[in-house]
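The lines below spell out each chain.
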Amino acid sequence: MVLPVYVYGMSVLRKIAQEIPEDYEELDQLIEDMFETMHFSDGVGLAGPQVGKSQRIFVVDTTPMGNNLEEPELKDFRKVFLNPIILEEWGDSWAFEEGCLSLPNIREDVMRPSHVRIEYYDENWSLKEEVYDGTRARVIQHEYDHLEGKLFVDKVSPIRRKLLAARLNAISRGRVDCDYRIVYSKKA
Ligand code: NI
C-alpha cells in the first residue's frame with residue numbers, strides 16, 4: 001500500500017526515532033509499504049519518520065540511478081536497514097545535490113564525508129557491518145539523518161536557508177505541487 005509522505009513541518013520528522021523491537025508488529029507489511037511508497041513517489045530512499053513511524057528503519061533502492069556508468073553498483077543497491085548505527089564516517093567531504101520526499105521540489109548541494117561504515121540488521125534480523133562510498137554512502141547518510149530528526153536543509157548555509165524559508169513554510173502548509181499524497185501540519 002502506498003502511504004502518504006509526511007512533509008516539512010511535521011514534528012515526527014524532528015524526533016529521534018525509536019529502536020524497532022524484533023517482535024514489531026507488521027514489520028513485513030511496513031517494509032513492503034515503504035518500498036511501494038518510495039517507488040511510487042520516485043524516491044531512492046525512505047525512512048520510517050517520513051511515513052509517520054518514529055522507528056529506526058529505512059529502505060533504499062537506487063536502481064533508477066543504475067545508468068550511472070561510474071557507479072554500476074547502484075543498479076542493485078536495494079536494502080532494508082533496521083536499527084542502523086553509523087560507526088564511522090571519513091574521507092573528503094563532497095557536494096551532492098540532495099532531494100527528499102519530505103521536502104518536495106527542493107534540491108540543494110549538501111557536503112558530507114565520502115565514506116561510511118554502518119552496522120544494521122537486515123529484514124531477516126541478520127546483523128551486518130558494511131562500508132560504502134560514493135552515492136550509496138550519500139543515500140545512507142541522508143536516510144540515517146531522518147532517524148536522528150535531521151533534514152538536509154539543516155546542512156545548507158544560513159544564506160541558502162533564508163532563501164528557502166518561504167518555500168519551506170509553503171510546504172508545511174501543504175502548498176506544494178507533487179504527485180504523491182502528503183501529510184502536512186499547518187492550515188493553508
Ligand atoms: Ni529524505
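A quick note: this is a predicted structure, and the numbers were derived from the prediction, not measured.

Novice: What am I meant to see in the overall build of the chain here?
Specialist: Each helix and strand counted, the chain has three helices and nine strands in total. Listed N to C, the secondary structure of the chain is β-α-β-β-β-β-β-β-β-α-α-β in terms of helices and strands. Compactness check: the chain gives a C-alpha radius of gyration of 16 Å against a globular reference of 16 Å for 188 residues, within 12% of the reference. The principal-axis extent of the C-alpha atoms belonging to the chain is close to 45 × 40 × 30 Å. Of the accessible surface of the chain, which amounts to about 9,700 Å², a share of 47% is contributed by carbon and sulfur atoms. Side-chain charges in the chain split into 24 positive and 34 negative, and the spacing between the mean points of these groups amounts to 10 Å.

Novice: Help me understand the packing of aromatic side chains in this model?
Specialist: In this description, a pair of aromatic rings is defined by centroid distance and the angle of the planes. On inspection of all chains with the given rule, the structure shows five aromatic pairs. Plain terms: the ring middles of Phe 81 and Tyr 120 are 4.3 Å apart, the flat faces sit at 45° to each other, and that makes the pair tilted. Placement of the pair is Phe 81 in strand S4 (residues 78–90) and Tyr 120 in strand S7 (residues 115–121), with a sequence separation of 39 residues. Aromatic pair Trp 94 and Phe 96: ring centres 5.6 Å apart, planes at 65°, arrangement edge-to-face. An aromatic cluster is present here, built from Phe 58, Phe 81 and Tyr 120 joined pairwise through their rings. When the ring centre of Phe 35 is taken as origin, the NZ or CZ atom of Arg 78, which lies over that ring, is 4.0 Å away. Positioned over the ring face of Trp 94 is Arg 138, at 4.7 Å from the centre of the ring.

Novice: Just checking my understanding: could you explain the environment of Leu 46 for this structure?
Specialist: Here Leu 46 is to be found in strand S2 (residues 45–47). Using a relative accessible area of 0% as the deciding quantity, one classes Leu 46 as buried. Leu 46 sits 34 residues away from Val 80 along the chain, and the two C-alpha atoms are 9.9 Å apart. Sequence-distant contacts of Leu 46, defined by excluding residues within four places in its chain, comprise Met 34, Thr 37, Met 38, Val 51, Ile 57, Phe 58, Val 59, Leu 101 and Glu 143.

Novice: Can you walk me through the pattern of salt bridges in this structure?
Specialist: One side chain can pair with another of opposite charge once the charged atoms of both are near each other. All chains considered together, the criterion is met by 13 salt bridges. A salt bridge links Arg 160 to Glu 108; the shortest N-O distance between them is 2.7 Å. With Arg 160 in helix H3 (residues 158–172) and Glu 108 in strand S6 (residues 108–112), the pair connects residues that are 52 residues apart, well separated along the chain. In this structure Arg 160 comes out as partly exposed when scored by relative accessible area, which is 35%. Residues participating in the shared-partner salt-bridge network are Glu 98, Arg 112, Arg 138, Asp 145 and Lys 155.

Novice: Could you clarify how one ought to interpret the environment of Ile 171 in this entry?
Specialist: Position of Ile 171 among the secondary structure elements: in helix H3. Remark: the alpha-carbon pair of Ile 171 and Gly 9, spanning 162 residues in sequence, is separated by 7.7 Å. Discounting chain neighbours no more than four positions away, the residues touching Ile 171 are Val 7, Tyr 8, Ser 102, Leu 103, Pro 104, Ile 106, Val 176 and Tyr 184.

Novice: Sorry if this is basic, but what is going on with the side chain of Ser 41 here?
Specialist: Turning to its location among the elements, Ser 41 is positioned in the loop between helix H1 (27–40) and S2. Dropping the residues within four chain positions of it, Ser 41 is found in contact with Leu 101 and Tyr 180.

What counts, and where the lines are drawn
- Residues numbered from 1 in each chain as written.
- Predicted model: local features only at pLDDT ≥ 70, side-chain atom pairs only at ≥ 80, totals over all residues.
- Heavy atoms only, no water.
- Helix = DSSP H or I, 4+ residues; strand = E, 2+ residues; numbered from the N terminus.
- Rg over C-alpha atoms; globule rule 2.2 N^0.38 Å.
- Areas by Shrake-Rupley, 256 points an atom, 1.4 Å probe, with all protein chains shown as cover.
- Lys, Arg positive; Asp, Glu negative; His and termini not counted.
- Charge placed at Lys NZ, Arg CZ, Asp CG, Glu CD.
- Phe/Tyr/Trp six-rings, centres within 6.5 Å; stacked < 30°, edge-to-face > 60°.
- Lys NZ or Arg CZ within 6 Å of the ring centre and 35° of its normal.
- Buried < 20%, exposed > 50% of the residue type's maximum accessible area, 1.4 Å probe, protein only.
- Contact = heavy atoms within 4.5 Å.
- Salt bridge = Lys/Arg side-chain N within 4 Å of Asp/Glu carboxyl O.

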